[in-house]
Amino acid sequence: MYNILIGGAAGQGIDTTVSILEKLLKHSGYYIYTTRDFMSRVRGGHNFSLLRFGTEVITSHSYCLDGIIALNEETIDLHKHELKEEGFILCDSSFDYPDTDSRVIKLPMNKIAKELGNGKASASVAVGVILKLFGEPFTYVEEIMADVMKKEILEVNLNAAKAGYSAVEAKFTHLEGGYKDYMLISGSEALGLGAVAGGLKFYSAYPMSPSTAVLEYLASVGRKAGIVVEQAEDEIAAVNMALGASFAGARAMTGTSGGGFCLKVEALGFSGIAEIPLVAVDVQRPGPATGLPTRTEQSDLKFVISASQGEFPRLVIALRNQEDAFYQTFRALNLAEKYQIPVILLSDQYLGDSTACVKPFDISGLKQVSHAKEAEGEYLRYRITEDGISPRLIPGVTDHIVAADSDEHDERGWITESAEVRIQMVDKRMRKLKGLIEELSEPEFMGEEHCETLLIGWGSAYGPIKEAVSLLNKNGKGSYGALVFGDIYPLPQEKLKFYAEGRTLINVEQNATGQLASLIREQTGIQCHKSILKYDGRQISGEEITKKVLEGGSR
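Here the structure is a predicted model, which means the values were calculated and not measured. (Residues numbered from 1 in each chain as written. Predicted model: local features only at pLDDT ≥ 70, side-chain atom pairs only at ≥ 80, totals over all residues. Heavy atoms only, no water.)

### Some remarks on the side chain of Arg503
Part 1: Among the structural elements, Arg503 can be located in the loop between helix 17 (494–500) and strand 19 (504–509).
Part 2: Within the structure, the side chain of Arg503 is placed 3.1 Å from the backbone oxygen of Glu449, a separation counted as a polar contact.
Part 3: Within the structure, Arg503 has its side chain in polar contact with the backbone oxygen of Tyr499 (distance 2.9 Å). (Helix = DSSP H or I, 4+ residues; strand = E, 2+ residues; numbered from the N terminus. Polar contact = N/O pair within 3.5 Å; in protein donor to acceptor, adjacent residues only side chain to side chain.)

Encoded structure:
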């Protein structure tokens, strides 16, 4: 397994370089796992990506580096301490970095690029160098560059890559992997693709990092997929547009990040009382207020569980990886439709912007459900039923009058202040939870079945926790397992109660207050003994979790 860091300032072509390299390496059969760390700037600052690749499945990033591609000198200063003794540093020959470090490879990348007619092509020189260092063929470079770059700059960048390829000798052994035919996809793209498969017909959002990637992806495929994608004037308009589309019979979804979700809260309550299906995506970033716009965190869990005043059923699903993002988004659209409730999908910057290899998605067993059908006899939109699910017709395709109301209402949908009817309606809506709870997916268990220590986490902590459990069990100091939640509210409890008994519980979360541990204690009385919490805006890695566990965590 190899791990390289590509770093520089915003505007130096880091994303393009990474995109080309990961596609080329996957073409050679490697499993790819790429994470991105960038500042909230258009130009300047320090940005970097970690490209990890190998012949086994990779679930977490790592700061233990085999190589550094430094597009500016700051990258070397900030990351050289993470480089292995046998690693390398690729940089421009003009950089003021001592030649006495045997790991440094200095090449006139900027000069080569300028001589070829485009000073920005220096990053493409680095592409050629990396391919040669890892013993990869040059065969597919033109094809992949053509897929990423504009036609007018393709030739100069191709020539730059050729120059880099010729400038060095192979350093690492080429490994044979079996992932050539896998998909390479980001978490936000997988979420969007799951929505396409789930029959999404309307998506509305206002751009807000890091959720904008979902909007961009759906906009890029909207015409072909038959989806209306609307960039609204603000988040309030976006959620109300989605509710209107859903009321009119279209499968609808809206997306944002934490600050935008704050603005959608009132409309979320409207979805609850009017029983209009809605899927709402929250791609989390650190808050409160503007917080850290381009960083990651898991601090919105308790917020989305209780968002909007009053009480009504909802489902909260935390997406764990790219594969999970696809299938859970499909499922969310179905469950919102079936139970006529809001379903909230929790992603975050780490998952949304990371790319990984995924088996081609199997859609053969995926079926869209619809519960809008013609009524028999009198149409009572909010008919009191045993399971809490009432008839739902679509306006314009029925002879019945179809209406919705945000005030409390009777079975017809007429406004009421009757105490008796109020109780009946609240009870009716809450009865949906019985069926919903039966459809919950239990958290995934990993590790030693009879472990002494159990890690507990949710969402995008899945990959780092999985790697940590593997590392801890190889360490030989105790036995370890983990439960990682996807469905998180209502809280599935069967596996939790089974595995928690008699074990030391350590919750691992990207927030300051241990929100999942608090929810577990509230719902089950089960107390986590220790915590590993990280909330600096950077994702915890499997190696960090392993170190913290062995150090004892915190109480």
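So much for the structure itself; the text now carries on.
### Quick word on the packing of aromatic side chains
Part 1: In the structure shown here, the tally under the stated rule is 17 aromatic pairs.
Part 2: Ring centres of Tyr30 and Phe53 lie 5.1 Å apart, and the angle between their planes is 80°; on these two criteria the pair is classed as edge-to-face. Note that Tyr30 is positioned in the loop between helix 1 (14–27) and strand 2 (31–37) and Phe53 in strand 3 (residues 44–54), a separation of 23 residues in sequence.
Part 3: A relative accessible area of 0% means that Phe53 is categorised as buried. (Phe/Tyr/Trp six-rings, centres within 6.5 Å; stacked < 30°, edge-to-face > 60°. Buried < 20%, exposed > 50% of the residue type's maximum accessible area, 1.4 Å probe, protein only.)

### A look at the pattern of salt bridges
Part 1: Using the criterion set out here, one finds 17 salt bridges in the structure.
Part 2: Between Asp66 and Lys84 there is a salt bridge, with its nearest N and O atoms 2.9 Å apart. Residue Asp66 is found in strand 4 (residues 65–70), and its partner Lys84 is found in strand 5 (residues 83–92); the two are separated by 18 residues along the sequence.
Part 3: Ionic pairing is found between Glu544 and Lys534, a salt bridge with its closest N-O pair at 2.9 Å. Of the two residues, Glu544 is situated in helix 19 (residues 542–551) and Lys534 in the loop between strand 20 (530–533) and helix 19; the sequence distance between them amounts to 10 residues.
Part 4: In this structure Lys534 comes out as buried when scored by relative accessible area, which is 13%.
Part 5: In this structure, a network of salt bridges that share partners links the residues Glu275, Lys428 and Lys432. (Salt bridge = Lys/Arg side-chain N within 4 Å of Asp/Glu carboxyl O.)

### Structural notes on the sheet that holds strand 2
What links the strands of a sheet is backbone hydrogen bonding, and the strands pair in either a parallel or an antiparallel sense.
Part 1: The strand order across the open sheet formed by 8 strands is 6-5-4-1-3-2-14-7, and the pairing between neighbours is mixed. Of all the strands in the sheet, the pair left with one neighbour each is strand 6 (104–107) and strand 7 (183–186). Between one strand axis and the next, the sheet turns by 20° as a mean value, whatever way the strands run.
Part 2: By the bridge criterion, 4 bridges tie strand 1 (residues 2–10) to strand 4 in an arrangement that is parallel. Residue pairing for strand 4: Gly7 is matched across the bridge by Ala70. (Pairing = 2+ DSSP bridges. Axes fitted to C-alpha atoms, helices over the stretch in contact; angles between N-to-C directions.)

### Quick look at the sheet that holds strand 19
Part 1: What the 5 strands build is an open sheet, ordered 15-17-16-19-20; its pairing is mixed. The sheet terminates laterally at strand 15 (444–447) and strand 20, the two strands that pair on one side only. Averaged over all adjacent pairs, the angle separating strand axes in this sheet is 20°, with direction ignored.
Part 2: Taken together, the 4 bridges between strand 16 (residues 453–458) and strand 19 define a ladder with parallel strand orientation.

### A closer look at the pairing of strand 17 (residues 480–485)
Part 1: Counting buried positions along strand 17 yields 6 of 6 residues, so the element is predominantly enclosed.
Part 2: The two faces of strand 17 match: Tyr480, Ala482 and Val484 on one face and Gly481, Leu483 and Phe485 on the other face are all buried.
Part 3: In terms of strand pairing, strand 15 meets strand 17 through 4 bridges, oriented antiparallel. Within the sheet, the bridge partner assigned to Gly447 lies in strand 17 and is Gly481.
Part 4: Sheet analysis places strand 16 next to strand 17, joined by 6 bridges and oriented parallel. Directly across from Leu455, in strand 17, lies its bridge partner Ala482.

### Some words on the packing of helix 7 (residues 187–197) against helix 8 (residues 212–225)
Part 1: Where helix 7 contacts helix 8, the axes come no closer than 9 Å and their chain directions differ by 35°. Relative to helix 8, the crossing made by helix 7 is right-handed. Along the contact surface, helix 7 presents Ser188, Glu189, Leu191, Gly192, Leu193 and Val196, while helix 8 presents Ala213, Val214, Tyr217, Leu218, Val221 and Ala225.
Part 2: Here the contact of helix 7 with helix 8 is built from residues that sort into 9 nonpolar, 2 polar and 1 charged. (Left-handed = near helix turned anticlockwise from the far one by under 90°. Contact = heavy atoms within 4.5 Å. Nonpolar A, V, L, I, M, F, W, Y, C, P; charged D, E, K, R; others polar.)

### A closer look at the packing of helix 1 against helix 4 (residues 122–133)
Part 1: One can describe the packing of helix 1 onto helix 4 by two numbers: an axis separation of 10 Å at closest approach and a directional angle of 25°. On the basis of the axis angle, helix 1 is roughly parallel to helix 4. Note that helix 1 runs across helix 4; the crossing there is right-handed. Taken together, the residues of helix 4 that come into contact with helix 1 (itself represented by Thr17, Ile20, Leu21 and Leu24) are Ala123, Val127, Ile130 and Leu131. (Parallel < 35°, antiparallel > 145°, perpendicular 65-115°, else oblique.)

### Overview of helix 4
Part 1: For helix 4, spanning 12 residues, the distance from its first C-alpha to its last is 17 Å, which sits close to the expected 16 Å at 1.5 Å a residue.
Part 2: With 12 of 12 residues buried, helix 4 is to be regarded as a mostly interior element.
Part 3: Among the residues making up helix 4, those that are buried are Ser122, Ala123, Ser124, Val125, Ala126, Val127, Gly128, Val129, Ile130, Leu131, Lys132 and Leu133.
Part 4: Once helix 4 finishes, Gly135 follows within two positions and takes phi at roughly 70°, a positive value. (Expected span 1.5 Å × (residues − 1).)

### Considering the environment of Ala167
Part 1: Assignment of secondary structure puts Ala167 in helix 6 (residues 151–167).
Part 2: The exposure class assigned to Ala167 is partly exposed, which follows from its relative accessible area of 40%.
Part 3: The spatial distance from the C-alpha of Ala167 to the C-alpha of Lys132 is 8.8 Å, given a sequence separation of 35 residues.

Read these as geometric descriptors, not functional statements.
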